[in-house]
Amino acid sequence: MAERVSIDTLSGLLSRGASVKEKGDGVVVAGEREQPSSCGQEEPRRTRPKSMTPEYKAFLGFAERCGWSFKESECVRFLGLGKGCLIERREDHPKMEEVTEKHLLASKPLIVKNSLAGWKAREWTPEFFSEAYPGQVVIANDRAPARVKDRESGRPQASVKTTLSQYVEYMRRFGHKESEGVPLYLNGWHAFKDHAELVDDIASPPWIEDHTRMILQEIDKAISSKNGVRAAPHWVRDTDILLNKVFMGPAGNITRLHYDAHRAHGWLAQIKGRKLFLLFPPDTTNDASLLYPLEGEATTQSPIDPLDAESVEKYPRFKEARMHYAILEEGETLLIPDGWWHYAVSLAPSITVMRNFYNALSNVQGLVNLFANLRPAKK
Ligand SMILES: O=C(O)CCC(=O)C(=O)O
Ligand SMILES: [Fe+2]
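Residues numbered from 1 in each chain as written. Chains lettered and ligands numbered in written order. Predicted model: local features only at pLDDT ≥ 70, side-chain atom pairs only at ≥ 80, totals over all residues.

Asker: Give me the lowdown on the overall build of the protein, citing residues and values where you can.
Answerer: What the protein contains, in helices and strands, is 12 helices and 17 strands. Scored against the burial criterion, the 379 residues of the protein give a buried share of 42%. Restricting to contacts in the protein with at least 6 residues of sequence separation, those with at least 24 account for 82%. (Helix = DSSP H or I, 4+ residues; strand = E, 2+ residues; numbered from the N terminus. Buried ≥ 20, exposed ≤ 12 C-beta atoms within 10 Å, placed from the backbone. Contact = placed C-beta atoms within 7 Å.)

Asker: An account of the packing of helix α9 (residues 212–227) against helix α10 (residues 235–242) is needed here, citing residue identities and associated values.
Answerer: Taken N-terminus to C-terminus, the directions of α9 and α10 make an angle of 140°; their axes are 9 Å apart at the nearest point. Put simply, α9 runs oblique to α10. Relative to α10, α9 is oriented so that their crossing is right-handed. When α9 is examined against α10, the residues T212, R213, L216, Q217 and D220 are found in contact with a partner set consisting of V236, T239 and D240. By residue class, the composition of the contact of α9 with α10 is 2 nonpolar, 3 polar and 3 charged. (Axes fitted to C-alpha atoms, helices over the stretch in contact; angles between N-to-C directions. Parallel < 35°, antiparallel > 145°, perpendicular 65-115°, else oblique. Left-handed = near helix turned anticlockwise from the far one by under 90°. Nonpolar A, V, L, I, M, F, W, Y, C, P; charged D, E, K, R; others polar.)

Asker: Can you explain the sheet that holds strand β14 (residues 324–328)? Please cite residues and give values.
Answerer: In spatial order, the strands read β3-β14-β12-β16-β10-β13; together these 6 strands make up an open sheet with mixed pairing. Either end of the sheet is taken by a strand with one partner, and the two such strands are β3 (85–86) and β13 (300–301). Two strands pair when backbone bridges link them, and strand β12 (residues 275–280) and β14 are joined in this way by 5 bridges, in the antiparallel orientation. Paired with K275 across the bridge in β14 is L328. Running at roughly 130° to β14, helix α3 (residues 72–79) makes contact with β12 and β14 of the sheet. (Pairing = 2+ DSSP bridges.)

Asker: Could you give an account of the sheet that holds strand β4 (residues 89–90), naming the residues involved and the relevant values?
Answerer: A sheet is described by the order of its strands in space; here 7 strands give the open sequence β4-β5-β15-β11-β17-β9-β8, paired in mixed fashion. Two strands lie at the open edges of the sheet, namely β4 and β8 (186–189), each paired on one side alone. By the bridge criterion, 4 bridges tie strand β11 (residues 265–272) to strand β15 (residues 333–336) in an arrangement that is antiparallel. The partner of L268 across the bridge, within β15, is L334.

Asker: Can you explain the pairing of strand β9 (residues 244–249)? Please cite residues and give values.
Answerer: By the criterion of burial, β9 is predominantly enclosed, with 5 of the 6 residues buried. Across 2 bridges, β8 lies against β9 in antiparallel orientation. Counted as the bridge partner of W189 is V246 from β9. Looking at chain direction, β9 and strand β17 (residues 350–357) are connected through 6 bridges and run antiparallel. Residue N244 lies in a different strand from β17, and its bridge partner there is R355.

Asker: I'd like a description of the site of ligand 1, backed by residues and values.
Answerer: Around ligand 1, the surrounding shell consists of F247, T255, D260, L268, K275, H342, A344, T352 and M354. Within the shell around ligand 1, the residues separate by chemical class into 4 nonpolar, 3 polar and 2 charged. (Near = placed C-beta within 6 Å.)

Asker: Tell me about the environment of A132, residues and numbers included.
Answerer: For A132, the position within the fold is in helix α5 (residues 126–132). For the pair A132 and L164, spaced 32 residues apart in sequence, the C-alpha separation works out to 9.4 Å.

Asker: Can you tell me about unusual backbone geometry, naming the residues and giving the values?
Answerer: For residues besides glycine, phi is generally negative; the peptide bonds are generally trans as well. Across the junction of A144 and P145, the peptide omega takes the value -10°, indicating a cis bond. Looking at the element boundaries, P145 is found in the loop between β6 (137–141) and α6 (148–152). The phi dihedral of N114 falls on the positive side, at around 40°, and the residue is not glycine. With respect to the element layout, N114 can be found in the loop between β5 (110–112) and α5. When the 12 C-beta atoms within 10 Å are taken as the criterion, N114 is described as exposed.

Asker: Report on the environment of A321, specifying residues and quantitative values.
Answerer: Note that A321 resides in the loop between α11 (309–314) and β14. Note on A321: 23 C-beta atoms within 10 Å, which makes it buried. Apart from the residues within four sequence positions on either side, A321 is in contact with F280, T284, L290 and L291.

Asker: Tell me about the packing of α9 against helix α12 (residues 364–372), and please be specific about residues and values.
Answerer: As a packed pair, α9 and α12 sit with axes 11 Å apart at the nearest point and diverge in direction by 35°. The element α9 and its partner α12 pack so that their crossing is right-handed. Residue-level inspection shows I215, I219 and I223 of α9 in contact with α12, the latter providing V364, L367, V368 and F371. Among the residues forming the contact of α9 with α12, the class breakdown is 7 nonpolar, no polar and no charged.

Asker: Would you mind going over helix α2 (residues 54–66) in detail, with residue names and values included?
Answerer: Over its 13 residues, α2 runs 18 Å from end to end, which matches the ideal 18 Å to within 8%, given 1.5 Å per residue. E55, Y56, A58, F59 and F62 are the residues of α2 that are buried. Considered in projection along α2, the buried side chains sweep an arc of 155° and stay on one side of the axis. Following α2 by one or two positions, G67 adopts a phi angle in the positive range, close to 65°. (Expected span 1.5 Å × (residues − 1). Arc of directions from axis to C-beta.)

Asker: Give me the confidence of the model for the protein: which residues, what numbers.
Answerer: Taken residue by residue, the protein gives an average pLDDT of 86. The fraction at 70 or more is 84%. Counting interchain partners and residues more than four positions distant, the pLDDT-below-50 stretch residues 14–28 has 47 contacts. Note that residues 31–49 has pLDDT below 50 and, in this model, 16 contacts with residues that lie over four places away or in other chains. (pLDDT = per-residue confidence, 0-100.)

In structure tokens:
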């Protein structure tokens, strides 16, 4: 198990090459290395290299080139990735049927501005969380998603177990100094499972046709009539709630290029801060494999870092991929239809709510397949 660590050791741990333990899935957990007693003398200087993932290095280079002022229109020029296509953005609130047809069925991303009207979550800040749930245990990662390939290359994802109050303090202090290493990302917190009251602070966007709960109920009926046993009470509600997540962290937190598992659609609501999203259409995965999907990973991922010129050179077909991009601003919601590749990097301290969802007309099969593979436990 991961050891719980304090704020003073949180970032230092990774930069000092903390001891790591396997947790499965290519994820390792950082624990404080035992220090010999210093007998009142100053601790010897550590010589281990600083923790600096290639992705974070690439982000810092990008931020330098932009002078840390990221304008959407200029991003593409700084990326040096050709023209790209700005993701459609709407100011009005589109009708649900229209979004289903033009975006879910026609597979086209969309951003809706001012989409958080009535959400109490608009008042969320990192401090709100640390005051409301100071002792909540959370795990922060130096990169995401986890990759088997990282483990093979000897640089697996490192994770630190800490409390929300420690993490928020860490976030407040984080200043992009080399000595701090990579910003740790709180990207796997199931906030709504741990604190059911938070569900009241958000709402499903009225323009999104989300049938997830209904489909789960049908699956529940089908499984229980087939096996003659009822599933655990509340599993439908619990499974549904697990599809919602809160992501929080400093500028420079990165989600590497991937697409979401089980054919899920996703929406991401930006509560605080701004995030650069780079998206690539599903057909990039076909014969040409413009994104060079990695073998053997739990989720479908690409080895390409779009912010890193060397990585882009190394995978020459990538230049043919049609990039769609946007900076998601506070109060905006991004819809990513199933199969769309996406890369995200926080450009400022950020809080995002994400939900994966299913729709009866488009991706329902993904959810059915997921549960069709379940077998009743052997007696
Ligand atoms: O970091 C983000 O906001 C993107 C997260 C994401 O795409 C995911 O967890 O599947
Ligand atoms: Fe994703």
